[in-house]
Amino acid sequence: MLPPEDKKREIAARARERGIILNEDHWKLIAISYEYYDQHRTICTLRNLIKLSGLEKKQIYKLFPGNPIGEISQITGLPMPKEC
């Protein structure tokens, strides 16, 4: 579940400000985060993101360097999970 187009433009702009150019894999992780948030009222942890996306931890860190969950939270505006 991806956000509406106007929200996607905001997310892409925030990502660019943070030095991230979003591609298909980025949007896949963002969509998973939105779906998870819709169900659980928090974005998923890295462990859940790996499990739900089918991507390896290394790939996720390459897409969102440093703290992937923190980066996703910052660019989407979704709250950080309690575990972080």
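What counts as what
- Residues numbered from 1 in each chain as written.
- Predicted model: local features only at pLDDT ≥ 70, side-chain atom pairs only at ≥ 80, totals over all residues.
- Heavy atoms only, no water.
- Helix = DSSP H or I, 4+ residues; strand = E, 2+ residues; numbered from the N terminus.
- Rg over C-alpha atoms; globule rule 2.2 N^0.38 Å.
- Buried < 20%, exposed > 50% of the residue type's maximum accessible area, 1.4 Å probe, protein only.
- Areas by Shrake-Rupley, 256 points an atom, 1.4 Å probe, with all protein chains shown as cover.
- Lys, Arg positive; Asp, Glu negative; His and termini not counted.
- Charge placed at Lys NZ, Arg CZ, Asp CG, Glu CD.
- Axes fitted to C-alpha atoms, helices over the stretch in contact; angles between N-to-C directions.
- Parallel < 35°, antiparallel > 145°, perpendicular 65-115°, else oblique.
- Left-handed = near helix turned anticlockwise from the far one by under 90°.
- Contact = heavy atoms within 4.5 Å.
- Nonpolar A, V, L, I, M, F, W, Y, C, P; charged D, E, K, R; others polar.

Here the focus is the overall build of the chain. The helix and strand inventory of the chain stands at five helices and zero strands. Scaling as 2.2 N^0.38, a compact globule of 84 residues should have a C-alpha radius of gyration of about 12 Å, and the chain matches this with 11 Å. With the C-alpha coordinates aligned to their principal axes, the bounding extent of the chain is approximately 25 × 25 × 20 Å. Counting only residues that meet the buried cut, the chain has 45% of its 84 residues in that class. Carbon and sulfur atoms make up 49% of the accessible area of the chain, which amounts to about 5200 Å² in all. On the chain, the mean spot of the 14 positive side-chain charges and the mean spot of the 11 negative ones are 5 Å from each other.

Another aspect to go through is the packing of helix α1 (residues 5-17) against helix α2 (residues 24-40). Between α1 and α2, the least distance of the axes is 13 Å, while the angle of their chain directions is 120 degrees. Between α1 and α2, the crossing angle belongs to the class labelled oblique. In the crossing of α1 with α2, the sense of the turn from one axis to the other is right-handed. Facing Lys-7, Lys-8, Ile-11 and Ala-12 of α1, the residues of α2 in contact are Trp-27, Ile-30 and Tyr-34. Of the residues assigned to the contact of α1 with α2, the class counts are five nonpolar, no polar and two charged.

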